[in-house]
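Overview (structure and organization)
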Amino acid sequence: MVNDHNRHVLVIGAGPAGLFAARKLVEEGIEVTLLNRDIKPGGLAEYGIYYDKYKIKEGLRKQFRQILDLPQVNYLGNVTVGNSGDVSLDELRGMGFDAILVASGAQGTKKMNLQGEDLKGVYHAKDVVYHYNRLPPYSTREFHVHGRVAAVGVGNVMMDIAHWAIHDLKVDELIGIARRGPAEVKFTEKEMGYVIANLDQAALDEELARCAPFMQAVGQDVQAARDFLLSALPRAEQKVSNTRLRFEFLASPTRIIGNEKGEVVGLEVEDNKLVLKGDETRAVGLGTHRVLNVDSVIFCIGDAVDSDFGLPVEWNEFVKNPNPVYPIDGISYEAYDVEHNRPIEGVFIAGWSRMSSYGLVGLARKDGENGVKAILEYLKAHPAVHNSNSPAQRLEEKLNQAHKVLVRKQDLARLEEAEQRQKQALGVEDFKFMTNEEMFSAMGK
């Protein structure tokens, strides 16, 4: 444990990385203030996991409740951090916390900057996932996803979008668009199992035959790719719609085509081939283009950190110290000032804030705990900060001056009780209020 008493660390973000980091800090005798953008804790564990995975979500909620019940953890929800937020990172750094751990996730979305990306019917997967998981304000926004839907990307997030479009919306067609080939999909067999009953196997075989020469040129096994893509068939969920699921491999979107009403009518793609660059396989454009007739486009290409947060950003991630003073397993968790070529004193990064769109809850937990290990090494080398009033008091004074509605642990308990009453009254597996105003009312605010 850290030798000094009265240590106080600020954790920004109450997803898995931030929550498990808070628990580890408490185990080391450190007081924690936990700031959260949303009213409810959980982050992507609450609002990113597919909405009907009730057992998984409830198991995680139970763990998160246990962490928040720790008396050394002070929770403040409904607080945005950033240059245009409720409080800036610079202001937080001046409040006297011994260290700050940024575990706020990757709250932005990657853009491809294509012509037509602002058309009606074009969305990014995170916004859609937040919508069907009922995160305000996305919960009440309209999403015009219908007809023939192109989902760009072939990871588990794309499979979640396909699951929703096929099972809930029952769209006519869902097309998975992949820049690379059939042997390089990123989704798991388990996720494919939710939608494989709708797969057009004849279309898959045609697509594999088209891609075969390019795959064989780089030593990829066409039959092995087919075997994997069909491996979930024995565990296929029951078919509930007539949606046709198919794939377009070796295709890079180049522009989105709209009509006079500003609606999507097509997605132009460039055909690719596969080439070897050392041990790495890359997709290279052939210069030939074709148009897929689609009515909606959803980009499932990963996430980006918030550029307004107050930390330097490169390649959609916050910049880390390239030569860390406190590395953990060779990894840097230290925020870095690129302009002045030096670490940002006392500020550490973990979870998706450190490496966006990487891994699921287990990896986020481990990364949050490793971020704490780096902080502990830092605290050993730096004396405790002593103030006449605590940094948590300074923070609350700042937020109260701004007339901010703060959500504390006792408020969360009242909200959960209200949700449980609604769940039982409606006879449903899970219930969430759709707006912040409804949640505030349920909490008595």
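Quick summary incoming for the structure in this document. (Residues numbered from 1 in each chain as written. Predicted model: local features only at pLDDT ≥ 70, side-chain atom pairs only at ≥ 80, totals over all residues. Heavy atoms only, no water.)

**Topic: the nonpolar core**
One finds M158, F187, M192 and F247 to be the most contacted residues of the largest nonpolar core, which totals 47 residues. Breaking this core down by element, the ones donating at least two residues are helix 5 (125–132), strand 7 (148–152), helix 6 (156–169), helix 8 (201–217), helix 9 (222–229) and strand 9 (244–248). For this core, the leading source of residues is helix 6, giving 7 residues. A14, Y75, L415 and F440 belong to the second-largest nonpolar core, a separate cluster that totals 43 residues. (Core = buried A, V, L, I, M, F, W, Y, C linked by side-chain atoms within 4.5 Å. Buried < 20%, exposed > 50% of the residue type's maximum accessible area, 1.4 Å probe, protein only. Helix = DSSP H or I, 4+ residues; strand = E, 2+ residues; numbered from the N terminus.)

**Considerations on the pattern of salt bridges**
This structure, assessed with the given rule, holds 34 salt bridges. Its salt-bridge partner being E191, residue K53 comes within 3.1 Å of it at the nearest N-O pair. Here the residue K53 occupies a position in the loop between helix 2 (44–47) and helix 3 (54–68), and E191 occupies one in helix 7 (residues 189–193), the gap between them amounting to 138 residues. Where R246 meets E248, a salt bridge forms, and the shortest distance between an N and an O atom there is 2.7 Å. The exposure classification of R246 matches that of E248, with both residues buried. Ionic contacts of the salt-bridge type, sharing partners, join the residues K40, E46, E58, R61, R65, E416, E419, D430 and K432 into one network. (Salt bridge = Lys/Arg side-chain N within 4 Å of Asp/Glu carboxyl O.)

**Some thoughts on a nonpolar patch on the surface**
Where nonpolar side chains cluster on the molecular surface, the patch consists of M355, Y358 and L363 and spans about 260 Å² of accessible area. Looking at the secondary structure, you find M355 in the loop between strand 18 (342–349) and helix 10 (361–380). (Patch = residues over 30% accessible without salt bridge, like charges linked within 9 Å, V, L, I, M, F, W, Y side chains within 5 Å. Areas by Shrake-Rupley, 256 points an atom, 1.4 Å probe, with all protein chains shown as cover.)

**Overview of the pairing of strand 8 (residues 173–177)**
Strand 8 sits mainly inside the fold: 5 of its 5 residues count as buried. Of the two faces of strand 8, both are covered, the one formed by E173, I175 and I177 as well as the one formed by L174 and G176. For strand 7 and strand 8, the ladder comprises 5 bridges, and the chain directions are parallel. Bridge assignment links V149 to a residue of strand 8, and that residue is L174. Handedness of the crossover joining strand 7 and strand 8 through helix 6 is recorded here as right-handed. (Pairing = 2+ DSSP bridges. Right-handed = clockwise from strand over helix to strand, strands pointing away.)

**Some thoughts on the packing of helix 5 against helix 6**
Across the interface, helix 5 lies against helix 6 with an axial gap of 10 Å and an inter-helix angle of 50 degrees. Between helix 5 and helix 6, the angle is such that the two are oblique. Like other packed secondary-structure pairs, helix 5 and helix 6 cross with a definite hand, here left-handed. Where helix 5 abuts helix 6, its residues A125, V128, V129, H131 and Y132 lie against V157, D160, I161 and W164. Class assignment of the residues belonging to the contact of helix 5 with helix 6 gives a composition of 7 nonpolar, 1 polar and 1 charged. (Axes fitted to C-alpha atoms, helices over the stretch in contact; angles between N-to-C directions. Parallel < 35°, antiparallel > 145°, perpendicular 65-115°, else oblique. Left-handed = near helix turned anticlockwise from the far one by under 90°. Contact = heavy atoms within 4.5 Å. Nonpolar A, V, L, I, M, F, W, Y, C, P; charged D, E, K, R; others polar.)

**Section: the environment of K277**
Tracing the backbone shows K277 in strand 11 (residues 264–277). A relative accessible area of 45% means that K277 is categorised as partly exposed.

**Section: helix 3**
Along an α-helix, residues three or four apart share an orientation, since each turn contains 3.6 residues. For helix 3, built from 15 residues, the straight-helix expectation of 21 Å at 1.5 Å per residue is met to within 8% by its first-to-last C-alpha distance of 21 Å. All buried positions along helix 3 are accounted for by K57, L60, R61, F64, I67 and L68. Along helix 3, the residues classed as buried sweep out an arc of 115 degrees about the axis, all on the same side. Exposed positions of helix 3 whose direction lies more than 90 degrees from the buried face are K55 and K62. (Expected span 1.5 Å × (residues − 1). Arc of directions from axis to C-beta.)

**Observations regarding empty space enclosed by the protein**
Applying the stated criterion across every chain, the model contains 1 cavity of 30 Å³ or more. Its boundaries defined by the atoms lining it, the largest cavity holds a volume of some 50 Å³. Along the walls of the largest cavity sit G351, W352, R354, M355, Y358, L363, A364 and D367, which together make up its complete lining. Classifying every residue of the lining of the largest cavity by side-chain character gives 5 nonpolar, 1 polar and 2 charged. (1 Å grid on protein atoms, 1.4 Å probe; cavity = no way out; pocket = protein on both sides within 12 Å on 5 of 7 lines; lining within 4 Å. Points joined across faces, edges and corners; volume = space filled by probe spheres on them.)

**A short note on the pairing of strand 3 (residues 73–77)**
Across the 5 residues that make up strand 3, a large majority, 4, are buried. Note: strand 2 (residues 31–36) against strand 3, 5 bridges, orientation parallel. Pairing of V32 across the sheet is with V73, part of strand 3.

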